[in-house]
Amino acid sequence: MRLIVNSGGPQAIEEWRAQFRIFAPELDVVGWHENVDPATIDYALVWAPDTGRLATFPNLKLIISAGAGVDHILADPHLPRHLSIARMVTSRTQTEMAEYVLTSALMLTRNLKRVVDNQARRRWEIFDSLRVAADVRVGIMGLGHLGIASAQLLSRVGFPVSGWSRGASKLEGLPSYAGQAQFNDFLHQTDLLVCLLPATDATKGILNTATLSQLPRGASLINAGRGAHMVEQDIINALDSGHLHQAVLDVFEHEPLPESSPLWTHPGIIITPHCAAIPDRKERARHTALLIEANECGEPLPNIYDPQRGY
Ligand code: NDP
Ligand code: OXD
């Protein structure tokens, strides 16, 4: 059985092979850059495949996303639509994301960006009043694997947490809101908005002026969903007007974020380079091996992209 891997570039292929030797020694692992007979490919583990390449594998059985999102795969207009796409969501992905959101929430709560900027200017500034987690109501957009894990961790630390999703919530013991009808009610009671939505037609540009203006003045934002969720100029305008206090942004419309982007130098923005949750190759090889084994046995696979829902 043969797996083709497009994740981490040619320099990563030897590590992928080493990991698969542990978790699926029978698998023949080839790199995306290698010249192989397309008819011999059974499985593909991919991040952003070149347009049309997946369609050249006539015997492909399953596409496995190297990440939790699939937007980078769906972007291919020649994608073989009859094939299932498995999303890479592991317990490690959930832990990494939850800890990213917690770290960011605490940085925003304690105004750490301002402290670090002050250090660069040798400025000793004491803030009048300190906030603690219990003072900051966190609202999480998207209550899937990552939203729920983040909600649970933040809640354990003392943040009052609520969530918003498309359908009925799975947030046990915490307030939640559903659908467009309850969106504004959700925003009105949110001091720190966290976006962990998938990129779909319905969520594109959702972090815009209309949404942000429903938050209480002085609220903050964390976006670790996708860059496509943000109207970047609307976020800058909300920060400049003081309606939004600060933002931690991990994902961007164009990645890497271009050097010319005004987001880099905005005093109210902390930028991280799309690194909120990246399980290591060992974890992803282990998960991929389990998926392939289950698929070969005809068992149902977890976290399959649903084209009807769009995520
Ligand atoms: P899931 O599919 O498990 O959950 C998605 C959640 O979003 C669900 O609660 C769903 O609602 C909700 N949702 C979808 N569409 C809408 C809508 N139109 N309105 C309201 N709610 C909506 O996804 P994951 O938690 O596994 O991942 C979420 C996203 O996180 C990924 O798609 C990816 O973009 C991003 N990500 C970012 C990473 C990073 O490093 N920055 C790493 C990994 C993922 P319902 O519960 O009703 O279905
Ligand atoms: C993912 C990501 O989708 O890293 O896993 O963004």
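Everything numeric here is computed off the predicted structure, so don't read it as measured data. (Residues numbered from 1 in each chain as written. Chains lettered and ligands numbered in written order. Predicted model: local features only at pLDDT ≥ 70, side-chain atom pairs only at ≥ 80, totals over all residues. Heavy atoms only, no water.)

Draft legend 1. Expanded view of the overall build of the protein chain. Looking only at helices and strands, the protein chain has 9 helices and 12 strands in total. Relative to the compact-globule value of 19 Å for 311 residues, the protein chain shows a C-alpha radius of gyration of 21 Å, a close match. Viewed in the frame of its principal axes, the protein chain has a C-alpha envelope of about 65 × 45 × 35 Å. Each of the 311 residues in the protein chain was classed as buried or not, and the buried ones make up 50%. (Helix = DSSP H or I, 4+ residues; strand = E, 2+ residues; numbered from the N terminus. Rg over C-alpha atoms; globule rule 2.2 N^0.38 Å. Buried < 20%, exposed > 50% of the residue type's maximum accessible area, 1.4 Å probe, protein only.)

Draft legend 2. Representation of the site of ligand 1 within the structure. Near ligand 1 you find 30 residues, and of these L143, H145, G167, K170 and Y311 are the closest. One of the backbone nitrogen or oxygen atoms of R166 is found 3.0 Å away from a nitrogen atom of ligand 1. Here an oxygen atom of ligand 1 sits 3.3 Å away from a polar atom, N or O, in the side chain of R226. In isolation ligand 1 has 950 Å² of accessible area, and contact with the protein removes 93% of it. Of all the elements in the fold, those that place two or more residues in the shell around ligand 1 are α5 (145-157) and β7 (161-165). Looking at side-chain class alone, the shell around ligand 1 contains 15 nonpolar, 9 polar and 6 charged residues. (Near = heavy atom within 4 Å. Polar contact = N/O pair within 3.5 Å; in protein donor to acceptor, adjacent residues only side chain to side chain. Areas by Shrake-Rupley, 256 points an atom, 1.4 Å probe, with all protein chains shown as cover. Nonpolar A, V, L, I, M, F, W, Y, C, P; charged D, E, K, R; others polar.)

Draft legend 3. Geometry of the packing of helix α1 (residues 13-23) against helix α9 (residues 281-296). Packing of α1 against α9 leaves a shortest axis separation of 9 Å and a crossing angle of 50 degrees. Comparing the axis directions of α1 and α9 gives the class oblique. Classified by chirality, the crossing of α9 by α1 is right-handed. Where α1 approaches α9, its residues E15, W16, Q19, F20 and F23 are matched on the opposing element by R281, K282, R284, A285, R286, T288 and A289. (Axes fitted to C-alpha atoms, helices over the stretch in contact; angles between N-to-C directions. Parallel < 35°, antiparallel > 145°, perpendicular 65-115°, else oblique. Left-handed = near helix turned anticlockwise from the far one by under 90°. Contact = heavy atoms within 4.5 Å.)

Draft legend 4. Seen up close, unusual backbone geometry. The amide bond that connects E255 to the next residue, P256, takes the cis arrangement and shows omega of -5 degrees. Of note, P256 is situated in the loop between β11 (244-249) and β12 (269-271). Non-glycine residue N111 carries a positive phi angle of around 55 degrees. By the element assignment, N111 lies in the loop between α3 (91-109) and α4 (112-120). A positive phi angle, close to 55 degrees, is found at R122, a residue other than glycine. Position of R122 relative to the elements: it lies in the loop between α4 and β6 (138-141).

Draft legend 5. Quick peek at the pattern of salt bridges. Taken as a whole and judged by the stated rule, the model has 14 salt bridges. We note a salt bridge from E15 to R281, for which the minimum N-O separation is 2.9 Å. One end of the pair, E15, is in helix α1; the other, R281, is in helix α9, with 266 residues separating them in the sequence. Taking the shortest distance from any N to any O, the salt bridge between D306 and R309 comes out at 3.7 Å. For D306, a relative accessible area of 25% translates into the label partly exposed. Overlapping salt bridges bring together E14, R17 and E34 as one network. (Salt bridge = Lys/Arg side-chain N within 4 Å of Asp/Glu carboxyl O.)

Draft legend 6. The arrangement of the sheet that holds strand β9 (residues 192-195) in detail. Spatially, the 7 strands line up as an open sheet ordered β8-β7-β6-β9-β10-β11-β12, and their pairing is parallel. Taken across any chain shown, the strands that pair with only one partner, and hence form the sheet edges, are β8 (176-178) and β12. Between one strand axis and the next, the sheet turns by 15 degrees as a mean value, whatever way the strands run. In the sheet, β7 pairs with β8 via 3 bridges, with the strands oriented parallel. Within β8, the residue paired with S165 across the bridge is A178. Each of β9, β10 (219-223), β11 and β12 is contacted by α3, which is oriented at about 155 degrees to β10, the strand it contacts most. Taken strand by strand, helix α8 (residues 232-240) contacts β10, β11 and β12, and its axis lies near 140 degrees from that of β11. (Pairing = 2+ DSSP bridges.)

Draft legend 7. The arrangement of the sheet that holds strand β4 (residues 62-65) in detail. The parallel open sheet is built from 5 strands, whose spatial order is β2-β1-β3-β4-β5. Whereas interior strands pair on both sides, the edge strands pair on one side only; in this sheet they are β2 (28-31) and β5 (85-86). Note that β4 and β5 share 2 bridges and pair parallel. Following the sheet pairing, I64 is matched in β5 by A86.

Draft legend 8. Structural detail: the side chain of R87. Here R87 is to be found in the loop between β5 and α3. The side chain of R87 is buried and forms no salt bridge, while D71, the nearest opposite charge, is found at 8.6 Å. Within the structure, R87 has its side chain in polar contact with the backbone oxygen of A68 (distance 2.8 Å). (Lys, Arg positive; Asp, Glu negative; His and termini not counted.)

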